[in-house]
Amino acid sequence: MSENNDMTDMIDKNLEDIEIQEVLKNGTDLREYALQIDKNIKEAEKGSVADYLKESENIASLHNQIEDCDEILARMESMLLVFQNDLGSISNEIISLQKRSVNMSIQLSNRQALKGPLASFIEDMAVSETLIFGINNVPVIDKEFMVQLAILNQKLNFVKEQDFKETKACHDVKDVLEKLKIKAITKIRTYILEQIYKFRKPMANYQIPQNAMLKYKFFFEFILANERNVAQEICNEYIDTLSKVYYSYFKSYASRLDKLKYEEVPSKDDLMGIEDGSKGGFFQKSNLKNKSTIFTIGNRGDVLAQELEAPIIVPHVQQKTKYSYEALFRSLQYALVDNSCREYLFTTEFFHVKGSHAQELFDRILGKTLSLLVKNVENYVLECYDCLALFLCIQLINRYRWMCHKRAVAALDSYWDSLLATLWPRLEYVLKMNIQSVRDCDPAKISNKEMGPHYITRRYAEFSAAMLSLSEQFPSEELSNLLLALQDEVHCFLLKMAAEFPQRIQQLIFLINNYDMVLSILMERTRDNTKEAESFREQLQARSTEYVEEILSPHFGGLMQFVKEGEQLLESDRKSDLANLERKSISLVASFTASWKQSLEEIHREVLVSFPNLVTGSGLLQMALTNFVQYYHKFVKLLTPNARTQLVNIHVIMVEIKKYKTNY
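The rules behind these values
Residues numbered from 1 in each chain as written. Predicted model: local features only at pLDDT ≥ 70, side-chain atom pairs only at ≥ 80, totals over all residues. Heavy atoms only, no water. UniProt positions renumbered as here; feature names shortened; annotations may be inferred. Helix = DSSP H or I, 4+ residues; strand = E, 2+ residues; numbered from the N terminus. Buried < 20%, exposed > 50% of the residue type's maximum accessible area, 1.4 Å probe, protein only. Contact = heavy atoms within 4.5 Å. Areas by Shrake-Rupley, 256 points an atom, 1.4 Å probe, with all protein chains shown as cover. Polar contact = N/O pair within 3.5 Å; in protein donor to acceptor, adjacent residues only side chain to side chain. Salt bridge = Lys/Arg side-chain N within 4 Å of Asp/Glu carboxyl O. Patch = residues over 30% accessible without salt bridge, like charges linked within 9 Å, V, L, I, M, F, W, Y side chains within 5 Å. Lys, Arg positive; Asp, Glu negative; His and termini not counted. Charge placed at Lys NZ, Arg CZ, Asp CG, Glu CD. Core = buried A, V, L, I, M, F, W, Y, C linked by side-chain atoms within 4.5 Å. Phe/Tyr/Trp six-rings, centres within 6.5 Å; stacked < 30°, edge-to-face > 60°. Lys NZ or Arg CZ within 6 Å of the ring centre and 35° of its normal. Axes fitted to C-alpha atoms, helices over the stretch in contact; angles between N-to-C directions. Parallel < 35°, antiparallel > 145°, perpendicular 65-115°, else oblique. Left-handed = near helix turned anticlockwise from the far one by under 90°. Expected span 1.5 Å × (residues − 1). pLDDT = per-residue confidence, 0-100.

You'll find the protein chain entered in an unreviewed UniProt entry as Vacuolar protein sorting-associated protein 52 homolog, with Pararge aegeria aegeria given as the organism. In its Sequence similarities (unreviewed entry) section, the UniProt entry covering the protein chain states "Belongs to the VPS52 family." In its Subcellular location (unreviewed entry) section, the UniProt record describing the protein chain reads: "Golgi apparatus, trans-Golgi network".

Along the backbone of the protein chain there are 22 helices and zero strands. For the protein chain, the proportion of its 664 residues judged to be buried stands at 40%. Taking the contacts inside the protein chain whose residues are at least 6 apart along the sequence as the reference set, 77% of them involve residues at least 24 apart. Here the protein chain displays about 38500 Å² of accessible surface, and carbon together with sulfur accounts for 54% of that area.

Let's shift gears to the side chain of Thr241. Mapping Thr241 onto the fold places it in helix α9 (residues 228-258). By relative accessible area, Thr241 is classed as buried at 3%. Of note is the side chain of Thr241, whose polar atom sits 2.9 Å from the backbone oxygen of Glu237. The contact partners of Thr241, leaving out residues within four places of it in the chain, are Ile196, Phe199 and Arg200.

All right, on to the pattern of salt bridges then. The full count for this structure, using the stated rule, is 18 salt bridges. Between Arg401 and Asp417 there is a salt bridge, with its nearest N and O atoms 2.7 Å apart. Of this pair, Arg401 sits in helix α12 (residues 387-406) while Asp417 sits in helix α13 (residues 413-440), placing them 16 residues apart in sequence. Judged by its relative accessible area of 18%, Arg401 is buried. Across the pair Glu462 and Arg525 runs a salt bridge whose closest N-O atoms are separated by 2.2 Å. You can see Glu462 sitting in helix α14 (residues 455-470) and its partner Arg525 sitting in helix α16 (residues 504-525), a full 63 residues away along the chain. You can call Glu462 buried: its relative accessible area is 11%. Here the salt bridges share partners, and the residues they tie into one network are Arg300, Glu326 and Asp386.

A surface patch of nonpolar side chains, amounting to about 380 Å² of accessible area, comprises Phe83, Leu87, Ile90 and Ile94. Note on placement: Leu87 falls in helix α3 (residues 56-125). Classification of Leu87 by relative accessible area gives partly exposed; the value is 44%.

Attention shifts here to a negative patch on the surface. On the surface, Glu67, Asp68, Asp70 and Glu71 cluster together to form a negatively charged patch. Considering the arrangement of structural elements, one finds Asp70 in helix α3.

Core analysis: the biggest nonpolar cluster contains 179 residues, and Phe463 and Tyr547 have the highest contact counts within it. If we ignore the near neighbours within four places in the chain, the residues touching Tyr547 are Ile505, Leu508, Ile509, Ile512, Val607, Ser610, Phe611 and Leu620.

We now examine the packing of aromatic side chains. A full pass over the atoms with the stated rule returns 32 aromatic pairs. Where Phe199 meets Tyr238, the ring centres are 5.9 Å apart and the plane angle is 85°; that geometry is what we call edge-to-face. With Phe199 in the loop between α6 (170-197) and α7 (207-215) and Tyr238 in helix α9, the pair connects residues that are 39 residues apart, well separated along the chain. Relative to Phe350, the ring of Phe220 has its centre 5.4 Å away and its plane inclined at 35°; by these criteria the two rings are tilted. Here Phe350 lies in helix α10 (residues 325-350) and Phe220 lies in helix α8 (residues 217-226), a separation of 130 residues in the sequence. Here the two residues Phe220 and Phe350 agree in accessibility, since each one is buried. Directly above the ring of Tyr247 sits Lys368, whose terminal nitrogen or CZ lies 4.5 Å from the centroid. The positively charged end of Arg426 is found above the aromatic ring belonging to Tyr385, 4.9 Å away from the centroid.

Before going further, it helps to spend a moment on the packing of α10 against α13. Between α10 and α13, whose axes approach to 13 Å, the crossing angle comes to 160°. By the angle class used here, α10 and α13 are roughly antiparallel. Handedness of the crossing formed by α10 with α13: right-handed. Together, Phe329, Gln333, Leu336 and Val337 of α10 and Tyr415, Trp416 and Leu419 of α13 make up the contact between the two elements.

The next subject is unusual backbone geometry. Notably, His352 is not glycine yet its phi reads approximately 55°, a positive angle. Note that His352 resides in the loop between α10 and α11 (356-381). Its relative accessible area of 37% is what places His352 among the partly exposed residues. A positive phi angle, near 65°, is found at Ala408, a position not held by glycine. Structurally, the position occupied by Ala408 is in the loop between α12 and α13. For Ala408, a relative accessible area of 58% corresponds to the exposed category.

Turning to the environment of Cys492, a few remarks are in order. Locating Cys492 in the fold gives a position in helix α15 (residues 477-498). The exposure class of Cys492 is partly exposed, given its relative accessible area of 41%.

Glancing now at α12. Given a rise of 1.5 Å per residue, 20 residues ought to cover 28 Å, and the 29 Å separating the end C-alpha atoms of α12 matches this to within 8%. Counted residue by residue, α12 has 17 buried out of 20 residues, so it is predominantly covered. One or two residues past the end of α12 sits Ala408, with phi positive at roughly 65°.

Next up on the list: the confidence of the model for the protein chain. For the protein chain, mean pLDDT is 84; residues scoring 70 or higher make up 88% of the total. Every residue in residues 279-292 is under pLDDT 50, and counting partners more than four places away or in other chains gives 27 contacts.

If you trace the backbone, Asn339 turns up in helix α10. Residue class for Asn339 comes out buried when judged on its relative accessible area of 11%. Polar side-chain contacts of Asn339 include one of 2.9 Å to the side chain of Arg342. Aside from chain neighbours lying at most four places away, what touches Asn339 is Tyr206, Tyr246 and Phe250.

Here we take up the packing of α14 against α16. Where α14 meets α16, the closest approach of the two axes is 9 Å, and the angle between their N-to-C directions is 20°. Viewed along their axes, α14 and α16 adopt a mutual orientation that is roughly parallel. In this structure, the crossing between α14 and α16 has a hand that is right-handed. For the pair formed by α14 and α16, the contact residues are Thr457, Arg458, Tyr460, Ala461, Glu462, Ser464, Ala465, Leu468 and Ser469 on the first element and Asn514, Met517, Val518, Ile521, Leu522 and Arg525 on the second.

And the structure:
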């Protein structure tokens, strides 16, 4: 409204300014103009008074109406003020209700959050009548007792935890739980000791009480957690009982097995280089049944194959049967592996031990027994000269160690190491004695000097093939070195023995027969790529080549010499000197033509007689005939045309040679 007044004033002022400007412009006298204005104002005032008087009733009515409106507005203002106060009071009440609602929501959340733990706490802390009855009256082997024992164990652990936090509620149940614990431990101790005492019964099957104990292995876990002294008592009782049981069993079993051993055993005179029967040794015993020589494997290697996990020998059932040492050793060690693995797995599961603690517990149970078995092996090897038996035992140990590891049992590793530390030195000692016996063997003192395979060679071949085949799965560098030394001595012996024959061809026949026999046995019983087989293959090839030259020489020596001289002349480009040999070549042609068929027949007969192995003899014969044909071709090329006309046609010779072709 003030803005409208201001605007009106500004308009009036502008009009006045315009009007004044107009007066000034017309040159009107200002005094006159002022008087005129004053006159106009008075007239307007009179007119206004008249108008007011004329409208006085209306104005009075308007005044009354305005007063009435003021009263109404005053009452409304009073009502609005009351309403405003009421709204303020309601707003405060709403705010108060909101605060109370938030507080109640927080209280509800807190109570709900506390409800679960509090209920669980009460449940874990309270001791029910069912628990008391179950622990006191239900037999230990009853399923209900196991259930109540688990509940008791849980409550004992819970009370221990709360007692550490100084919870006052623990005092209300502590005495009751302690009495229940003592009752449970007493019943469990009695039951477990009863099971342990069952091991002491003669001919008891150990697996039955052990399986019963494993079924209730939680019993020991409960005692171990709540009364370590009783747990230690049970553990000591078990160790003492099982230690005596195992020791008694294996001592008796080893003693009864020992009675099944062959009465005749190799001695220090039964070595590779000692001649059969020279000192009344092992090989002179012809009345032994089911017993091969100490150098031949025979079926003794079955202990590493199909018999490795065969049932153990029962002495009283097989008391009339005799066995080699390695067969008895296998039965004893397999029984040990079976019992030890089961025992180790039982102790780790039942007594809740692992690592070094499990090993310590196992050693306390079986340590005495293992020492006994090691001592038995030590006593045996002191007088053992059977390399195959010793090596078979070593291989059995390697396989049984691997078997134990497959069963996740490494507890016997130190025992296996002790056995190996006993067997390996003895094997090396006896092997070196055999090597020395071959080295000391004097060929001049051997009465039987035949060109066939020598007994030392046969023994070596059988022995070397056996040792190589047995060591394929678990090779040994120490053994390889000893076998290489033995091979070198056998080579040296064969060369010395061959030197006893006066003729070179006899020496070659002897060497070929021996090399061939060794190679045949090695190829039959070992892998093709052994170093030993390769060595003898090279020796056989070299001696065979030399033998072919030697056997051809008596019959075709002149022809062979002519070919060698002629090739030398051609190589040195002395063809003129070759022509001078024409007379010699003609005499050779005449001699060859007259005797070649007879010579081939004699070579055939001599080769087959010299070599008992028909395959070897046939191979050498074919090799000799092949070399003969090659010499003949070269001889033909070196002859003059005149001399060639007198030669036998090569086709005739080939037809004759085919007669000596064999199917071996």
